[in-house]
Structure formats: C-alpha cells, structure tokens
Amino acid sequence: MKDTSKTACQTSYEDIVEGLAEGVVAVDGALTVRVFNQSAEKICEMARTAVIGKPASTLFSKDSKLAEMLAKTLDEGRLFAEYEETLQRRFSGPLPVGITTSQIFDHSGAVSGAVALIKDLSGIKSLEAGSLRKDRLAYIGTFAASLAHEIKNPLSGIRGAAQLLSKKIKDEKLGEYTGIIIKEADRLDRILCGMLDFARPAKLTKKSVNIHKALDTVVFLTGDGLLPDAIKRDYDPSLPLVSADEGQLTQVFLNLVKNAKEAIRKDKDGSIRIITRMATEFHLIDTGSIGGKMALVEIKDNGSGIKPDELEKIFTPFFTTKPGGSGLGMAISLKIIKEHNGFLKIDSTPGIGTTISVYLPIAAEQG
Ligand SMILES: Nc1ncnc2c1ncn2[C@@H]1O[C@H](COP(=O)(O)OP(=O)(O)OP(=O)(O)O)[C@@H](O)[C@H]1O
Ligand SMILES: [Mg+2]
C-alpha cells in the first residue's frame, strides 16, 4: 500500500498556514523571507512573488519594526507576544496589527529561522475607538449642516458690511482692516463648506468619465500665478474611461494639484507633472472593477515634500501646515476616492517633492 501520510500531512500544514486569518511571515537564518501566506499578502499589501527570497530588512523598510522583531527573535531569542504595531501599507494607509514571533528549529534543535504572526487589529481597534469616532463623526455630520447654516448667514452679512465699509473709507490703513475682515470671512466660509463636504453622506452620480477632461479643467483653474510651462501633462491617450462622479473627481484633482502648486516654487524651477496610464501593479486587491483594471493618475511635484512624521497625519481632518489652510483637502480627497473604490498612494521626500497616485476603477461602459 502506498504511504501517503507524509505528503498528506505536509500538504495540510501548508493549507493550514495558507488558510490562517493571521499573516505568516517566516524568515530563514539569513533573514530572507521564505514563507508569506495569503493573509500576509492582504495585510502587508505585497505580492508573495515580490517577497519570497528577499531580505526582510529591505522589504519592510517602512515597517522596520517588523524586520527588527524578526531579527531579534532569530538572533537573541527574544519573543514578542501580540506586540501592537502600525504597518505603513503602500495603498491603504496605516493598519494597526498585533505581532507574535517565535523561533523555528531544525531537526537538530538549532535555530534555523523566525516566524511572525501578524494579526489585523483594525476591527478590534475600530471597535474600541470606532464607536467613539463614529459617534463623533455622526455628531459632526448632524450638527455641521445646521451649524454651517447658522454661521454662513451672519458671516455673509459681516462680509457684505465690510465690503460696503471699504467703499466708504478713504483712509488706506482702515481699508486694510476691512480687507482683512473680507479675507478672513472668505476663509471661514471655505472651512464651513469643507466641513459640510466632509460630513455629508456621499451621493455619487457615477458615469463613464474621461479623466483627461477633468484634469484639463483642473489645470485651467490652477494655472494662474504659475510660469507658463509649470504644469506638464503626460497623458496616455488610450486610457479607458473611469467610473466616477465627475464633479467629485474634479474636486479631488483640484485639491491635489492645488497642494502641489502650494508646495512648489512659483518663481523658478517649480513644476508639476500630471501623468496618466493604466495601473499594472494591481493583482492583489479585488477592486470590484472590470477585471480589477484600474486607471492611474500621478500628480508629481518637485516642491517642499512632506516630513515622515507629517505624512501619517495629512489625511486627518484639519491637519495643516499652512497659515491659511483648512486641512480638509486630503481628508475629503481620500473619502471621495474610497467611495469610488479607488486608492490613494503618497510618496514624498522632503526637499525633493511629492507624488500622489490616484487609482480608479475603469468603467464597464466605454463610450
Ligand atoms: N504636494 C504636497 N507637497 C507638500 N505638502 C503637502 C502636499 N500635499 C499635502 N501636503 C501637506 O498636507 C497638509 C494637508 O493637506 P490638505 O490639502 O488636507 O490641507 P491644506 O492644503 O493645508 O488646506 P486646504 O484645506 O486649503 O487644502 C498640507 O498642509 C501640507 O502640509
Ligand atoms: Mg490642500
């Protein structure tokens, strides 16, 4: 009789590892990744084919803690149990995880590697923080509309009165004060509109949209105050239509190009490049789009860049580094892109510049 017990057992071990809800990352004695299960692919947003055989330190350069924990487990025998960390994922932003590590031993009992079990804690964390946050968001949502309404009316009264006053006032110095009232009233108005946009439940009117048309509108609206060739367009003319709400999408690109414009030097070599193409790097994530195909818009600037500690905050409502900023542009953009089943990715180096990549599902109906 054929002995199948060993094969069956091996297969089932692999199946078990593959089927675990926790991400499994195992490295050998040289800290080279040898096992990377399906859940690890999902949690880390990395394809197995791009990970196996590579050193953990380079793969998890953004999550040096994970590589460090594997190294400590391997070299010093230090074990971590449900150690709470935040993974900096490439597409969907930070993810709270619990990491448990252990050593792997060979037949002779010598340490031959280390394994990390990565548990997605977003559910638990959002349960902990979510109800509070949801309550707060619902609270903001409910009150934003009435509050904005209440403030907007007297605000436009104040603005109107200041405008009338500025016409009557001959004194230049006093004229400056009315100018400030008008400017600040406009700023408050923008913040209120932003709050309303953010709090309002989305009502998307999706159709097949030509991204280039939306981008051209944005370039037209933002070109003012820049040198003639400061915004370069590098479009792929064969790019299919995307499924989107045109107005909301234009709003996103406007926010992003405006940020790029605000980050660059207007007088000299500051430039923005808008590139469109089909995204080829999506094989992992089920996007719900046709065959998972996505269009990619990259907005690149050679401006100030974003410091690493600020990078994780830029989607937080009201986070701004600008004196007149409301800090809602990125939060609103992320919300809209998510509602479109798309992704936002940011690469930024201080002093070099920033690239924001927007991935959008292509439309089922072309034309
Ligand atoms: N392309 C970029 N280059 C450099 N910093 C950026 C860029 N995009 C965003 N940021 C940083 O992210 C912060 C948040 O951006 P966000 O668009 O949400 O708000 P804001 O631009 O400050 O204000 P506003 O509400 O007027 O857009 C900015 O203050 C800036 O520090
Ligand atoms: Mg902005």
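Residues numbered from 1 in each chain as written. Chains lettered and ligands numbered in written order. Predicted model: local features only at pLDDT ≥ 70, side-chain atom pairs only at ≥ 80, totals over all residues.

Caption draft 1: Inspection of the overall build of the protein at higher detail. Regarding its fold elements, the protein presents 10 helices and 12 strands. For the protein, the residues scored as buried account for 25% of the 367 residues in total. Taking the intrachain contacts of the protein between residues at least 6 apart in sequence as the baseline, contacts between residues at least 24 apart amount to 61%. (Helix = DSSP H or I, 4+ residues; strand = E, 2+ residues; numbered from the N terminus. Buried ≥ 20, exposed ≤ 12 C-beta atoms within 10 Å, placed from the backbone. Contact = placed C-beta atoms within 7 Å.)

Caption draft 2: Local environment of the sheet that holds strand E7 (residues 231–234). Spatially, the five strands line up as an open sheet ordered E7-E9-E10-E12-E11, and their pairing is mixed. Edge positions in the open sheet fall to E7 and strand E11 (343–349), since each of these has one partner strand only. The mean inter-strand angle of the sheet, taken between neighbouring strand axes irrespective of direction, is 15°. Bridge count for E11 against strand E12 (residues 353–361) is seven bridges, and the pairing is antiparallel. The residue of E12 that forms the bridge with Leu344 is Val358. Here helix H8 (residues 246–263) sits on the sheet in contact with strand E9 (272–279), strand E10 (294–301) and E12, set at roughly 20° to E10. (Pairing = 2+ DSSP bridges. Axes fitted to C-alpha atoms, helices over the stretch in contact; angles between N-to-C directions.)

Caption draft 3: How the structure looks around the sheet that holds strand E5 (residues 111–120). If you trace the five strands from one edge of the open sheet to the other, you get E2-E1-E5-E4-E3, paired in antiparallel fashion. Sheet topology places strand E2 (33–36) and strand E3 (83–89) at the edges, where each strand pairs with a single neighbour. Averaged over neighbouring strand pairs, the angle between their axes works out to 30° when direction is ignored. Judged from the seven bridges that link them, E3 and strand E4 (residues 93–105) form a sheet pairing that is antiparallel. Residue pairing in the sheet places Leu87 in a bridge with Leu95 of E4.

Caption draft 4: Inspection of the pairing of E4 at higher detail. Linking E3 to E4, which pair antiparallel, is a turn of three residues. Bridging between E4 and E5 involves nine bridges; their strand directions are antiparallel. Across the sheet, the residue bridging to Gln103 is Ala114, located in E5. Connecting E4 to the next strand, E5, in antiparallel fashion are five residues, including Gly109 with a positive phi near 90°.

Caption draft 5: Seen up close, the site of ligand 1. As a structural note, the neighbourhood of ligand 1 is formed by 24 residues, with Ala263, Thr320, Gly325, Gly329 and Met330 the closest of them. For the shell around ligand 1, the element with the highest residue contribution is H8, accounting for four residues. Partitioned by chemical class, the residues of the shell around ligand 1 number eight nonpolar, 13 polar and three charged. (Near = placed C-beta within 6 Å. Nonpolar A, V, L, I, M, F, W, Y, C, P; charged D, E, K, R; others polar.)

Caption draft 6: Examining helix H7 (residues 211–222) more closely. Here H7 is 12 residues long and its end C-alpha atoms lie 16 Å apart, about the 16 Å a rise of 1.5 Å per residue gives. Where H7 is concerned, the buried positions are Ile211, Ala214, Leu215, Val218 and Thr222. One face of H7 carries all of its buried residues, which in axial projection span an arc of 95°. For H7, the exposed residues set more than 90 degrees away from the buried face come down to Lys213 and Phe220. Where H7 is buried, its residues contact strand E6 (207–209), strand E8 (242–244), H8, E9 and E10. (Expected span 1.5 Å × (residues − 1). Arc of directions from axis to C-beta.)

Caption draft 7: Geometry of the nonpolar core. If you look at the biggest cluster of nonpolar residues, it comprises 39 residues, and the most contacted ones within it are Val242, Phe253, Ile272, Ala295 and Ile299. Mapped by element, the contributors of at least two residues to this core are H7, E8, H8, E9, E10, helix H10 (329–339), E11 and E12. Counting residues per element, this core draws most heavily on H8, at seven residues. Contact partners of Val242, with chain neighbours within four places excluded, come to Val209, Ile211, Ala295, Leu360, Pro361, Ile362 and Ala363. Counting 25 residues, the second-largest nonpolar core is a separate cluster that includes Ile43, Met69, Phe80 and Ile99. (Core = buried A, V, L, I, M, F, W, Y, C linked by C-beta atoms within 7 Å.)

Caption draft 8: Structural view of the environment of Ser238. With respect to the helices and strands, Ser238 occurs in the loop between E7 and E8. Sequence spacing of Ser238 and Met278 is 40 residues, and the spatial spacing of their C-alpha atoms is 9.0 Å.

Caption draft 9: Quick peek at the environment of Ile43. For Ile43, the location among the structural elements is in helix H2 (residues 38–44). Note: C-alpha distance between Ile43 and Glu22 (21 residues apart in sequence) is 8.6 Å. When near neighbours in sequence (up to four residues on either side) are disregarded, Ile43 contacts Gly23, Leu87, Leu95, Val97, Ile118 and Asp120.

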